[in-house]
Amino acid sequence: MIFSTPIHRRHAIRGLAFGLASLAASPIWSRHSAYAQDAQVLRIGFQKYGTVNIVKARGDLEKRLASDSIKVEWTEFPGGPQLLEALNVGSIDFGHTGEAPPIFAQAAGAPLLYVANEPPSPKSEAILIHGDSPLQRVADLKGKKVVLNKGSNVHYLLVKALEKAGISYSDVQVIFLPPADARAAFEKRDVDAWVIWDPFFGAAEAATGARVLADGEGLVANREFYLAARPFAETYPDRLKIIIEEIQKVDDWAKNNPDQVAKLLSPQLGIPEEVLQKVSRRRAYGAQWIDAQTIRDQQSIADVFLGLKLIPEAIVVQDVIWTPKA
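Residues numbered from 1 in each chain as written. Predicted model: local features only at pLDDT ≥ 70, side-chain atom pairs only at ≥ 80, totals over all residues. Heavy atoms only, no water.

**Some remarks on the overall build of the protein**
Thought 1: Helix and strand content of the protein: twelve helices and eleven strands.
Thought 2: Burial analysis of the protein (326 residues in total) assigns 56% to the buried set.
Thought 3: In the protein, 81% of the contacts between residues at least 6 apart in sequence involve partners at least 24 apart.
Thought 4: Summed over all atoms, the accessible surface of the protein reaches about 13400 Å², with 50% contributed by carbon and sulfur. (Helix = DSSP H or I, 4+ residues; strand = E, 2+ residues; numbered from the N terminus. Buried < 20%, exposed > 50% of the residue type's maximum accessible area, 1.4 Å probe, protein only. Contact = heavy atoms within 4.5 Å. Areas by Shrake-Rupley, 256 points an atom, 1.4 Å probe, with all protein chains shown as cover.)

**Regarding the sheet that holds strand β8 (residues 193–197)**
Thought 1: The strand order across the open sheet built from five strands is β7-β6-β8-β5-β9, with neighbouring strands paired in mixed fashion. Of all the strands in the sheet, the pair left with one neighbour each is β7 (173–176) and β9 (211–215). Going across the sheet, the axis of each strand differs from the next one's by a mean of 30°, ignoring polarity.
Thought 2: Here strand β5 (residues 125–129) runs beside β8; their pairing, made up of five bridges, is antiparallel. Looking at the pairing, E125 lines up with W197 of β8.
Thought 3: Where helix α5 (residues 153–165) meets the sheet, it contacts β5, β6 (145–148), β7, β8 and β9, and its direction lies at approximately 70° from that of β5.
Thought 4: Running at roughly 150° to β8, helix α6 (residues 179–187) makes contact with β5, β6 and β8 of the sheet. (Pairing = 2+ DSSP bridges. Axes fitted to C-alpha atoms, helices over the stretch in contact; angles between N-to-C directions.)

**Quick notes on helix α3 (residues 80–88)**
Thought 1: Taken across its nine residues, α3 has nine buried, putting it largely inside the fold.
Thought 2: Residues of α3 that are buried include every one of G80, P81, Q82, L83, L84, E85, A86, L87 and N88, and no others.
Thought 3: As for α3, its buried residues are in contact with β1 (41–46), β3 (94–97), α4 (100–107), β4 (112–117) and β10 (225–229).
Thought 4: Positioned one or two residues after α3, G90 has a phi angle of 85°, which is positive.

**Concerning the side chain of S124**
Thought 1: By the secondary structure assignment, S124 is in the loop between β4 and β5.
Thought 2: Aside from chain neighbours lying at most four places away, what touches S124 is W197, D198, F201, N222, R282 and R283.

**Topic: the confidence of the model for the protein**
Thought 1: Predicted confidence across the protein gives a mean pLDDT of 87, with 88% of residues reaching 70 or more.
Thought 2: Here residues 1–34 is modelled with pLDDT under 50, and outside its nearest four sequence neighbours on either side it reaches 78 contacts, counting other chains as well. (pLDDT = per-residue confidence, 0-100.)

**What to know about the nonpolar core**
Thought 1: Counting residues in each nonpolar core, the largest one holds 103 residues, and the members touching the most others are Y114 and L141.
Thought 2: Not counting chain neighbours up to four residues away, the residues in contact with Y114 comprise P102, I103, F225, Y226, L227, I290, Q298, V317, V320, I321 and W322. (Core = buried A, V, L, I, M, F, W, Y, C linked by side-chain atoms within 4.5 Å.)

**Things to note about unusual backbone geometry**
Thought 1: Here D198 and P199 are connected by a cis peptide whose omega angle stands at 10°.
Thought 2: Positioned with a positive phi, N222 is a non-glycine residue whose angle comes to about 55°.
Thought 3: The residue N222 is located in the loop between β9 and β10 in this model.
Thought 4: In this model, K309 sits at a positive phi of 60°, which is unusual for a non-glycine residue.
Thought 5: Judged by its relative accessible area of 68%, K309 falls in the exposed class.

**Thoughts on helix α1 (residues 51–58)**
Thought 1: Of the residues making up α1, those classed as buried are T51, V52, N53, I54 and V55.
Thought 2: G59 sits one or two positions beyond α1 and adopts a positive phi of about 80°.

**With respect to the pairing of strand β2 (residues 71–76)**
Thought 1: Among the six residues in β2, five count as buried, and that is most of the element.
Thought 2: Relative to β2, β1 runs parallel, the two being bridged by six bridges. From the neighbouring strand, V41 faces β2, where its bridge partner is K71.

**Observations concerning the sheet that holds strand β11 (residues 288–289)**
Thought 1: The six strands are arranged β2-β1-β3-β10-β4-β11 in an open sheet whose pairing can be described as mixed. Since the sheet does not close on itself, it has two edges, and those belong to β2 and β11, each with one partner.
Thought 2: For β4 and β11, the ladder comprises two bridges, and the chain directions are antiparallel. In the sheet register, A116 faces β11, and the bridge partner there is W289.
Thought 3: Packed onto the sheet, α1 meets β1, β2, β3 and β10 and runs at close to 135° relative to β1.

Here is the structure:
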């Protein structure tokens, strides 16, 4: 099934259905979460699609760490918020998300650090509508039902798209569902629009005939971030640099071989190669350490969420940036 989202039982985290407004207040987001780690195991959380998936498929990271008898344990999550819940409670050491999840997590006191990021990929997320929908512009969403994953990048896309269209966030009926359930609601026409990211975006285009009402171009950067648990980063900085080095190697290969990326990931993801070819071509590759502009952009997102009262207090993104030592 294309949209299955298995989570390893030992790392299943309860309470996935939290609302954005209550995210930071959830007991899951404890400011005193325990951190437990086996020194010989590197625990990586991943989502349905991204460079981390390619790293996993190629197996080069495992080979590099094998000489030190370190094993890599992979855990899949349906979205960034759920992945960061696991990082918060000490179930994983490292993972990747979009821009919004780490902002909510930082506001809640999760012990995370930004490590690196991919370049902007604004065309890799979009507001989808039905192929025969009468909606023609974002302003037409007023009074309509829009479904998206709680706390993910696409929430910020919706906020910015509505802002540009001159519509208040409160003018739209926002429904929070993870991708699999959101697609079901969209296909049953229980909602008017679905704000979603790749590869779910690409798969829905191909399978349902959905139209793009707006993508992120001119609205959002849509960066992919690599994040680590602070205790892990402080204890094993060399391992963290190795992870990013392997990600950079894969990025160098992937940006010149979109068809090979699709061929490699299609069996893993259960998504047709032709869909993944399109997904890969509209994504930017090139992991880099966090720079000043990226920090400013993240701070802007955090400030917008604070203004909408979606996070309970102001945060300073600069406070959770990891800088590799020479």
